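Examination of the molecular architecture
Chain by chain, the residues run as shown.
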Amino acid sequence: MKHYLSHLLPVSILALVVFVVACGDVPDTERKQINIMSQADEARMGISEFAKMKQQLRVSRNPSYNAMVQQVGRRLAAVMPVPHAQWEFVVFEDPSPNAFALPGGKVGVHTGLFQISQNEAGLAAVIGHEVAHVVARHSGERMTRGILSTGAVAVGTYILNKKADVDPRVAAGVLGGAAALGYKAHSREQELEADKLGSLYMARAGYNPEESIRLWQRFSAYRQRMGQTQGFSFLSTHPVDSKRIAELQKYMPRAKQEYRP
Ligand SMILES: [Zn+2]
């Protein structure tokens, strides 16, 4: 709780009221957080943004990619605690190695991800990580912190009014508490939390959580091959360094407790 105190001190009674009504726990962590939006609102926005994305972006019909995503998605959906979920897993034609999750149980995977994920467990690690951002409500939390610390409630209204002009993925990310597709980086603390939760989910779904470490190593190797010119790829918001992999290694005993092959 003390973590948020510095944000709360300078703000108004309104913020304190919000704090009282919206303080909650992040499932599977010891952490408390504050969020202004309700999870039902977040889910509604995620679901409607995803519907737009399916119309505006190119959906892949590749049978093997789709079969793998449906299989992994079905197993993960059974164990991931997303409120108001209407689960849907869609492959989009996009060569950048990326994936994203929106509130309401909507998940997109780029065709470019498969070169890195390579197998079902690797794919489960990425999807688990992205959905963990949603479960832990990282984007909403970041937005809430911003609003509480600056009092800039107008920002939300501005984005809402402007939404039609914005890439739907950005709007979904900002508004829906989404992983924001690499347009906006999460904090390091949020990334580590998503890594850990993602490894728990994959373990509960029957995938060896050790594969999450190999996945990040493959991302790291890919980055070394490609250099820094990746634009809006997963890597631009997911720096892979030895600290990240070491933290996940440390968490492995916990994740493996829940691994049922
Ligand atoms: Zn992330």
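Conventions and cut-offs
- Residues numbered from 1 in each chain as written.
- Predicted model: local features only at pLDDT ≥ 70, side-chain atom pairs only at ≥ 80, totals over all residues.
- Heavy atoms only, no water.
- Helix = DSSP H or I, 4+ residues; strand = E, 2+ residues; numbered from the N terminus.
- Expected span 1.5 Å × (residues − 1).
- Buried < 20%, exposed > 50% of the residue type's maximum accessible area, 1.4 Å probe, protein only.
- Polar contact = N/O pair within 3.5 Å; in protein donor to acceptor, adjacent residues only side chain to side chain.
- Salt bridge = Lys/Arg side-chain N within 4 Å of Asp/Glu carboxyl O.
- Axes fitted to C-alpha atoms, helices over the stretch in contact; angles between N-to-C directions.
- Parallel < 35°, antiparallel > 145°, perpendicular 65-115°, else oblique.
- Left-handed = near helix turned anticlockwise from the far one by under 90°.
- Contact = heavy atoms within 4.5 Å.
- Nonpolar A, V, L, I, M, F, W, Y, C, P; charged D, E, K, R; others polar.
- Core = buried A, V, L, I, M, F, W, Y, C linked by side-chain atoms within 4.5 Å.
- Phe/Tyr/Trp six-rings, centres within 6.5 Å; stacked < 30°, edge-to-face > 60°.

Time to look at helix 6 (residues 120-135). With 16 residues, helix 6 ought to run about 22 Å at 1.5 Å a step, and its terminal C-alpha atoms sit 21 Å apart, in line with that. Among the 16 residues of helix 6, 15 are classified as buried, and the element is accordingly described as predominantly covered. The opening residue of helix 6, the one whose side-chain oxygen lies 3.1 Å from the backbone nitrogen of Ala-121, is Asn-119. One or two steps after helix 6, the chain reaches Arg-137, where phi turns positive at roughly 55°.

According to the stated counting rule, one finds 16 salt bridges in the structure shown. For Arg-137, the salt bridge is made with Glu-42, and the minimal N-O distance between the two is 3.2 Å. Residue Arg-137 is located in the loop between helix 6 and helix 7 (138-150), and its partner Glu-42 is located in helix 3 (residues 39-56); the two are separated by 95 residues in the primary sequence. Side by side, Arg-137 and Glu-42 carry an identical accessibility label, which is buried. When the shortest N-O distance is used, the salt bridge between Glu-258 and Arg-254 registers 2.7 Å. In this structure, a network of salt bridges that share partners links the residues Asp-28, Arg-204, Arg-254 and Glu-258.

Axis separation between helix 11 (residues 210-226) and helix 13 (residues 242-257) bottoms out at 9 Å; the angle between their running directions is 165°. Here helix 11 is positioned roughly antiparallel relative to helix 13, judged by the angle of their axes. With respect to the hand of their crossing, helix 11 and helix 13 are arranged in right-handed fashion. Each of Glu-210, Ser-212, Ile-213, Trp-216 and Gln-217 in helix 11 lies in contact with helix 13, whose residues at this interface are Arg-244, Ile-245, Leu-248, Gln-249, Met-252 and Lys-256. Partitioning the contact of helix 11 with helix 13 into residue classes produces 5 nonpolar, 3 polar and 3 charged.

With that settled, the discussion passes to the nonpolar core. Counting residues in each nonpolar core, the largest one holds 45 residues, and the members touching the most others are Leu-76, Val-109, Leu-123, Ile-127, Val-131, Tyr-201 and Phe-219. Among the elements that make up this core, the one with the highest residue count is helix 6 (10 residues). For Ile-127, the residues in contact, after removing those within four places along its chain, are Val-72, Leu-76, Phe-89, Val-107 and Val-109. Counting residues in hydrophobic clusters, the runner-up holds 6 residues, among them Phe-50, Val-90, Phe-92 and Phe-100.

Quick look at the packing of aromatic side chains now. For the structure shown, the criterion picks out 6 aromatic pairs. With a centroid separation of 6.2 Å and an interplanar angle of 55°, the aromatic rings of Phe-50 and Phe-100 are classed as tilted. Residue Phe-50 is found in helix 3, and its partner Phe-100 is found in strand 4 (residues 99-102); the two are separated by 50 residues along the sequence. Phe-50 gets classed as buried once you look at its relative accessible area, which sits at 0%. Seen in terms of ring centroids, Tyr-65 and Phe-114 are 3.9 Å apart; in terms of plane orientation they differ by 0°. Their pairing is stacked. Placement of Tyr-65 in helix 4 (residues 63-77) and of Phe-114 in helix 5 (residues 114-117) is noted, with a sequence separation of 49 residues between them. With a relative accessible area of 27%, Tyr-65 lands in the partly exposed category. Classification of Phe-114 by relative accessible area gives buried; the value is 9%.

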